[in-house]
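Notes for the structure review
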Amino acid sequence: MISMVSITFDKHTSGQFNAELEEARNHLMEMGGIVEQQIEIAFKSLVNVDSELASEAIQMDKDVNKMELKIDKETTQILAKRNPAATDLRFIIAVSKTVNDLERIGDEAVKIAQQAIELSNDGAGPQGYVELRHLGEKVREMVQSSLDSFARLDADSAFEVMQQDKAVDLEYNTAVRTLVTKMMEDPRTITRALNVLWALRALERIGDHAQNISENVIYLVKGKDVRHKKLEKVEETVNR
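Treat the numbers as computed from the prediction; the structure is a model and nothing was measured.

Considerations on unusual backbone geometry
Although it is not a glycine, N83 sits at a positive phi angle of roughly 50 degrees. For N83, the location among the structural elements is in the loop between helix 2 (51–82) and helix 3 (86–122). In this model, L153 sits at a positive phi of 55 degrees, which is unusual for a non-glycine residue. Considering the arrangement of structural elements, one finds L153 in the loop between helix 4 (130–152) and helix 5 (155–185). When its relative accessible area of 22% is taken as the criterion, L153 is described as partly exposed.

Right, dumping it as structure tokens:
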């Protein structure tokens, strides 16, 4: 359960404005919870080669998409009616960008589930690929931590997630090299290895989106756009 702190929004004459902002944030956290569950189910379907679980993860994408549309409508209405500025505007922008990343994470979870179905149809499984399991755990932790940093408005925690993405990229590249070597040594593993490679790629992309969410948090808290910045520069921004 993610615990949330109160955002210090700009002072408004309308209490309804504050309520609208809080509602948008609550719905964002709700969407994040659905996506976290979707990742967990998709990954479990892959390592267990469970097509039923995979189908469940794929079906969950409908709920993710509905939440995306709902929050988009809310933020658009706030922009149109309230003309937000300063912190309020940064909040709306951060929510909108985070919603987009969550929807993309849901799409990647679907891809993982689809690979589970492919493996199930072929009667094969990814057992023995330690890299897959390890990367999956790291990426799921990144998503959870990025959402927690948003809920807590914790720029330090968000920066830690950004640091983790480097390790995920390194582990992904290592796993790809290992699988390519296995395919070269034993062509009979090619089909299964390709399914795992696609799943690994989806996991790596989920890590990228978790980093994006963390960048949104830093933007909201510090008022600075840290996209495409080196980690050293981001750390300077966070520590100011």
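Considering the packing of helix 1 (residues 15–47) against helix 4
Where helix 1 contacts helix 4, the two axes come as close as 11 Å, and the packing angle between them is 175 degrees. Viewed along their axes, helix 1 and helix 4 adopt a mutual orientation that is roughly antiparallel. Two secondary-structure elements touch here, helix 1 through R25, L28, M29, G32, E36, I39, E40, F43, L46 and V47 and helix 4 through L132, R133, G136, E137, R140, V143, Q144, L147, F150 and A151. Partitioned by chemical class, the residues of the contact of helix 1 with helix 4 number 11 nonpolar, three polar and six charged.

Looking at the side chain of D208
Here D208 shows up in helix 6 (residues 190–222). What makes D208 buried here is its relative accessible area of 17%. Once you skip the residues sitting within four places of it in the chain, D208 turns out to touch D165 and D169.

Things to note about the pattern of salt bridges
Taken as a whole, this structure holds 11 salt bridges when the rule is applied. Across the pair E20 and R82 runs a salt bridge whose closest N-O atoms are separated by 3.0 Å. With E20 in helix 1 and R82 in helix 2, the pair connects residues that are 62 residues apart, well separated along the chain. When the shortest N-O distance is used, the salt bridge between R227 and D225 registers 2.7 Å. On the accessibility criterion, R227 (39% relative accessible area) is partly exposed. The structure contains a network of salt bridges with shared partners spanning E20, K81 and R82.

Rules used throughout
- Residues numbered from 1 in each chain as written.
- Predicted model: local features only at pLDDT ≥ 70, side-chain atom pairs only at ≥ 80, totals over all residues.
- Heavy atoms only, no water.
- Helix = DSSP H or I, 4+ residues; strand = E, 2+ residues; numbered from the N terminus.
- Buried < 20%, exposed > 50% of the residue type's maximum accessible area, 1.4 Å probe, protein only.
- Axes fitted to C-alpha atoms, helices over the stretch in contact; angles between N-to-C directions.
- Parallel < 35°, antiparallel > 145°, perpendicular 65-115°, else oblique.
- Contact = heavy atoms within 4.5 Å.
- Nonpolar A, V, L, I, M, F, W, Y, C, P; charged D, E, K, R; others polar.
- Salt bridge = Lys/Arg side-chain N within 4 Å of Asp/Glu carboxyl O.

That's the geometry; what it means functionally is another story.
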